[in-house]
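Structural features, examined
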Amino acid sequence: MAKDDNLPLFETKSGKGRILFQIYSLLIFVGTCFIFAYRLSHIPAKGEPGRWAWMGLFFSELWFCFYWFVTTVVRWNPIYRSTFKDRLSHRYEKALPGIDIFVCTADPVIEPPVMVINTVLSVMAYDYPPEKLSVYLSDDGGSDLMFYAILEASRFSKIWLPFCKRFKVEPTSPEAYFRTAVELLGEPVLAKEWSTVKMLYEDMKKRIENTTKLGRISEEISKEHKGFNEWILVASRRDHQTILQILIDGRDSKAVDIQGQPLPTLVYLAREKRPQYHHHFKAGAMNALIRVSSRISNSPIILNVDCDMYSNNSKSVRDALCFFMDEEKGNEVGFVQFPQAFENLTKNDVYSSSLNVIMELEMPGFDGNGGPCYIGTGCFHRRETLFGKKYKKNYKTDWKRWSNRSVEESTSVLEETSKVLASCSYEENTQWGKETGLKYDCAVEDVLTGLTMQCQGWRSIYFNPERKGFLGVAPTTLLQSLVQHKRWSEGDFHIFASRNCPFVLGYKKIPLKLQLSYCIYLLWAPNCLATLYYATVPSLCLLRGISLFPQISDSWVLAFAFVIFLHRAYSLGECIWFGGTFKGWWNDQRMWVYKRTTSYFFGLLDHILKRLGFTKSAFVITTKVAGDDVSRRYEQEVMEFGTSSPMFTILATLALLNAFCFFGGLKKVIADLETLVWERFALQILLCGLLVLINLPVYHGLFFRKDVASLPTSVSYQSTIFALLVCVIALC
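Residues numbered from 1 in each chain as written. Predicted model: local features only at pLDDT ≥ 70, side-chain atom pairs only at ≥ 80, totals over all residues. Heavy atoms only, no water.

A word on the overall build of the chain
Per the secondary structure count, the chain includes 26 helices and 12 strands. Relative to its length of 732 residues, the chain is compact, with a C-alpha radius of gyration of 28 Å against a globular reference of 27 Å. Along the first, second and third principal axes, the C-alpha set of the chain runs to 90 × 60 × 60 Å. Counting across all 732 residues of the chain, residues that qualify as buried make up 59%. For the chain, the share of sequence-separated contacts (at least 6 apart) that also reach a separation of at least 24 residues comes to 83%. Here the chain displays about 32,100 Å² of accessible surface, and carbon together with sulfur accounts for 60% of that area. Within the chain, one finds 82 positive and 73 negative side-chain charges whose respective centroids are separated by 4 Å. (Helix = DSSP H or I, 4+ residues; strand = E, 2+ residues; numbered from the N terminus. Rg over C-alpha atoms; globule rule 2.2 N^0.38 Å. Buried < 20%, exposed > 50% of the residue type's maximum accessible area, 1.4 Å probe, protein only. Contact = heavy atoms within 4.5 Å. Areas by Shrake-Rupley, 256 points an atom, 1.4 Å probe, with all protein chains shown as cover. Lys, Arg positive; Asp, Glu negative; His and termini not counted. Charge placed at Lys NZ, Arg CZ, Asp CG, Glu CD.)

With respect to a nonpolar patch on the surface
Taken together, the side chains of Ile19, Leu20, Ile23, Leu27 and Phe562 define a hydrophobic patch exposed on the protein surface, amounting to about 510 Å² of accessible area. Here the nonpolar patch takes four residues from helix H1 (residues 18-41), the largest share from any one element. By the secondary structure assignment, Leu27 is in helix H1. Accessibility expressed as a relative area gives 37% for Leu27, which makes it partly exposed. (Patch = residues over 30% accessible without salt bridge, like charges linked within 9 Å, V, L, I, M, F, W, Y side chains within 5 Å. Salt bridge = Lys/Arg side-chain N within 4 Å of Asp/Glu carboxyl O.)

A closer look at the pairing of strand E10 (residues 379-382)
The alternating pattern of E10 places Cys379 and His381 on one face and Phe380 and Arg382 on the opposite face, and all of these are buried. Strand direction decides the pairing type here: strand E7 (residues 301-306) and E10, joined by four bridges, are antiparallel. Across the sheet, residue Leu303 finds its bridge partner in E10, namely Phe380. Of the pairings in the sheet, the one linking strand E9 (residues 333-337) to E10 comprises three bridges and is antiparallel in character. The residue of E10 that forms the bridge with Gln337 is Cys379. (Pairing = 2+ DSSP bridges.)

Focus on the packing of aromatic side chains
Throughout the structure, instances matching the rule amount to 51 aromatic pairs. When the ring of Tyr38 is compared with that of Trp556, the centres are 5.7 Å apart and the planes differ by 45°; the resulting orientation is tilted. Of this pair, Tyr38 sits in helix H1 while Trp556 sits in the loop between helix H19 (527-544) and helix H20 (557-577); the two residues are 518 residues apart in sequence, bridging distant segments of the chain. For Trp556, a relative accessible area of 24% translates into the label partly exposed. Here Trp63 and Phe66 contribute two aromatic rings whose centre-to-centre distance is 5.7 Å and whose plane-to-plane angle is 50°, an arrangement assigned as tilted. With Trp63 and Phe66 both in helix H2 (residues 51-75) and three residues apart, the pair spans about one turn of that helix. Connected via pairs of aromatic rings, a cluster forms that spans Phe156, Trp160, Phe163, Phe167, Tyr177, Phe178, Trp194 and Tyr201. The ring of Trp54 carries Arg39 above its face, with NZ or CZ at 4.7 Å from the centroid. (Phe/Tyr/Trp six-rings, centres within 6.5 Å; stacked < 30°, edge-to-face > 60°. Lys NZ or Arg CZ within 6 Å of the ring centre and 35° of its normal.)

Here we look at unusual backbone geometry
Here Glu170 and Pro171 are connected by a cis peptide whose omega angle stands at -5°. Summarising the element assignment, Pro171 is placed in the loop between helix H5 (144-167) and helix H6 (174-180). The phi torsion at Phe281 lies on the positive side, around 55°, for a residue other than glycine. Its place among the elements puts Phe281 in helix H9 (residues 281-296). Even without a glycine there, the phi angle at Asp441 is positive, about 60°. Along the polypeptide, Asp441 turns up in the loop between helix H14 (411-419) and helix H15 (445-455).

What to know about the sheet that holds strand E4 (residues 133-139)
Read from one edge to the other, the open sheet built from eight strands follows the order E5-E6-E4-E3-E7-E10-E9-E11, with strand pairing classed as mixed. The strands lining the two open edges of the sheet, one partner per strand, are strand E5 (243-248) and strand E11 (459-462). Neighbour to neighbour, the strand axes of the sheet diverge by 20° on average, direction disregarded. Its contacts with the sheet put helix H10 (residues 316-324) on strand E3 (99-105), E7, E9, E10 and E11, and the angle it makes with E9 is roughly 150°. (Axes fitted to C-alpha atoms, helices over the stretch in contact; angles between N-to-C directions.)

A closer look at the side chain of Thr452
Take Thr452: it is sitting in helix H15. In this structure Thr452 comes out as buried when scored by relative accessible area, which is 14%. Those residues in contact with Thr452, other than ones at most four positions away along the chain, are Lys439 and Leu505.

As for the pattern of salt bridges
Note that side chains of opposite charge can pair when their charged atoms are close. Per the counting criterion, the structure on display carries 36 salt bridges. Here Glu152 and Arg207 are joined by a salt bridge, their closest N and O atoms 3.0 Å apart. Here Arg207 lies in helix H7 (residues 188-214) and Glu152 lies in helix H5, a separation of 55 residues in the sequence. Residue Arg207 is classed as partly exposed on the basis of its relative accessible area of 38%. Between Lys419 and Glu416 there is a salt bridge, and its shortest N-O distance comes to 3.1 Å. Here Lys419 and its partner Glu416 are both found in helix H14, three residues apart, which amounts to about one turn of the helix.

Concerning the nonpolar core
One finds Ile150, Trp160 and Phe380 to be the most contacted residues of the largest nonpolar core, which totals 77 residues. When neighbours within four sequence positions are excluded, Phe380 is seen to be in contact with Ile301, Ile302, Leu303, Ser316, Val317, Ala320, Phe324, Gly334, Phe335, Val336, Phe338 and Phe470. Of all hydrophobic cores here, the second largest spans 39 residues; its members include Val593, Tyr634, Leu656 and Ile694. (Core = buried A, V, L, I, M, F, W, Y, C linked by side-chain atoms within 4.5 Å.)

Quick word on the pairing of E9
Most of E9 is tucked away: five of the five residues are buried. Relative to E11, E9 runs parallel, the two sharing four bridges. Across the sheet, residue Val336 finds its bridge partner in E11, namely Ile461.

Considering the state of the cysteines
Evaluation of the coordinates by the stated rule reveals zero disulfides. Between Cys455, a cysteine without a disulfide, and Cys501, which holds the nearest cysteine sulfur, the sulfur-to-sulfur distance is 10 Å. Between Cys688, a free cysteine, and Cys661, which holds the nearest cysteine sulfur, the sulfur-to-sulfur gap is 5.5 Å. Under the relative-accessibility criterion, Cys688 is labelled buried at 0%. (Disulfide = S-S within 2.5 Å.)

Remarks on the packing of helix H24 (residues 677-694) against helix H25 (residues 696-704)
Direction vectors running N to C along H24 and H25 enclose 55°, while the axes themselves pass 4 Å from each other. When the interaxial angle is binned, H24 and H25 end up oblique. Residue-level inspection shows Val692, Leu693 and Ile694 of H24 in contact with H25, the latter providing Leu696, Pro697 and Tyr699. Split by residue class, the contact of H24 with H25 holds six nonpolar, no polar and no charged. (Parallel < 35°, antiparallel > 145°, perpendicular 65-115°, else oblique. Nonpolar A, V, L, I, M, F, W, Y, C, P; charged D, E, K, R; others polar.)

Examining H9
Taking 1.5 Å per residue, 16 residues should reach 22 Å; H9 reaches 23 Å between its end C-alpha atoms and fits that length. One or two positions beyond H9, positive phi appears at Asn298, with a value near 55°. (Expected span 1.5 Å × (residues − 1).)

Some words on H24
An α-helical segment advances 3.6 residues per turn. Residues three or four places apart therefore align on the same side. Counted at 1.5 Å a residue, the expected span for H24 with its 18 residues is 26 Å, and the 25 Å between its end C-alpha atoms agrees. At Leu683, H24 shows its strongest bend, of approximately 45°. Within H24, 13 of the 18 residues are buried, which leaves the element mostly enclosed by the surrounding structure. (Bend = angle between axes of the 7 residues up to and from the residue.)

Shown next, in the form of structure tokens:
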């Protein structure tokens with residue numbers, strides 16, 4: 001046993017296939033050098049048609065090369081980690097630290113209460129001493145409907161938690177479990193208990209859904225708990241006092257389940273909102289939770305999850321603690337990031353929402369370069385890091401100091417004294433949002449906060465267990481996906497173009513390879529410029545009869561063919577290796593073009609407009625629920641349009657532009673077959689044809705579909721006019 005006490009709680013292994021990747025990278029680099037040699041040696045003379053188009057293409061290819069270099073840095077040395085939970089239990093089972101769990105929601109319509117309470121119940125049922133768990137729900141919508149739902153969940157938890165332990169339930173979200181589990185038919189007593197619990201859950205779910213549809217709390221329900229009286233003073237969701245209710249007080253000896261075992265603490269918080277105060281969106285909600293929890297439970301470890309990211313692995317807490325409590329390296333760990341995964345993906349991932357390559361390869365690459373970025377959900381934090389504490393060499397965590405802390409006030413007194421910590425005025429003239437807590441004034445406060453922690457000396461860890469720790473809901477429409485990426489790209493570029501740029505903030509604080517790694521996301525937005533250029537100019541030059549690539553009989557064409565084939569073949573291999581399909585890879589290529597030409601373009605434009613003072617920051621919540629028709633089309637992998645949007649106008653315009661240019665180019669080739677004009681334009685025709693293939697769903701939505709999810713007539717007219725206008729201008 002003494003020998004076991006010296007063994008590490010986790011191990012780290014390098015990724016497989018590194019030599020093959022390095023050979024691939026070298027080949028791509030050599031091929032790219034030949035492409036640049038061709039570009040520089042064949043620049044059209046002054047006054048010759050296409051000179052400026054040629055130069056623009058050269059600079060676009062330089063950008064693509066730089067971005068490829070960044071992705072290569074990220075993928076050069078991925079590492080993968082595994083934990084030894086048995087060693088953790090052997091050494092620390094009686095001294096495990098408290099865990100505070102934050103669940104954030106902001107709108108009961110977009111984020112239905114039933115979905116939220118399933119996430120809450122799933123984390124309450126962790127395989128962990130319940131008296132050491134405290135769950136906090138931040139309701140930024142300030143909704144009495146959400147409060148009613150969490151009140152119902154607090155009652156159901158008395159049945160659900162012992163049921164999870166008895167039946168070893170995975171996942172511990174009731175909705176997810178009963179949707180996939182097979183009813184027990186063996187032992188009659190167990191089968192009856194299983195059916196009873198399922199029936200009780202369905203009854204609770206029905207009550208919550210009926211109340212949500214009604215849109216108000218009935219007088220009968222309002223008498224069930226004193227907390228409903230708070231809404232008498234609520235003017236609106238943006239103008240109300242702090243509402244804080246401790247629904248289950250883990251210190252209370254009467255707070256037990258049906259088997260007499262203690263329950264986790266459960267707290268509802270709707271922080272104060274006033275029109276004259278900026279509430280800083282999710283970052284403000286998280287900071288209020290950090291302060292309130294420090295008064296109520298003050299656990300040394302904090303887990304935050306989005307309201308749709310239910311626990312899929314009841315041992316995730318113990319996995320995370322293996323990193324924090326490791327005797328040799330644990331004291332330097334600031335946060336442990338779990339992957340973001342989704343339960344509602346289609347077989348071929350129509351909107352490329354799985355993030356498989358990011359989570360399975362790029363994040364381990366980040367870890368190998370110094371530590372993953374914080375992605376806003378599924379992350380375990382050391383509380384001290386969120387309070388701005390800097391890491392110092394030889395720092396050692398005193399876990400006993402945290403575990404011995406107790407609060408003596410009664411529940412009602414604790415509620416009242418904690419409310420001030422969530423008031424609007426509390427942060428005035430303080431460092432909250434600057435040096436303390438999550439950072440403000442950034443659409444991706446999570447990425448910036450994680451970067452700051454790393455610059456303060458803390459190490460971050462990426463852990464991707466075989467059974468995913470959390471499962472969420474991916475966007476089910478094209479517009480949802482594009483808007484989500486627009487917000488991410490705008491926020492990421494905001495970091496890059498500010499004093500918080502990794503090369504500035506992280507100078508001599510984090511490794512250069514980690515600074516470069518951040519660029520893979522921080523430079524999403526400017527990617528739109530080179531992509532838009534490549535998606536339009538070669539096609540227009542084809543229409544005008546200007547060649548921008550070597551002719552098919554020229555040996556220089558081999559460099560382009562080699563790089564294109566090898567790069568795309570590797571991309572396909574990556575997709576298949578991480579569980580994708582060929583069609584899924586093709587969908588990913590399509591979304592790669594769509595996001596770069598719309599989401600990233602508007603993200604860049606928004607950033608510029610904000611810098612010029614024309615627009616202000618706004619937070620768009622991704623809808624977590626879809627109608628039956630939308631869900632049906634999503635499951636059938638039929639692309640959802642259905643509404644007017646500037647993003648759809650750009651997509652349709654580019655699609656039509658490339659179609660016009662493609663057929664115009666083909667007409668030119670067919671008319672001049674004898675002169676072998678096709679040799680000069682073979683690569684441009686292939687590029688233009690590829691863009692036409694990618695845009696087949698857009699053509700279908702413009703001209704052939706008649707359902708409500710097709711592209712609106714207004715988008716069809718606008719895009720046709722714009723595409724024709726650009727073609728006419730190009731021919732003049």
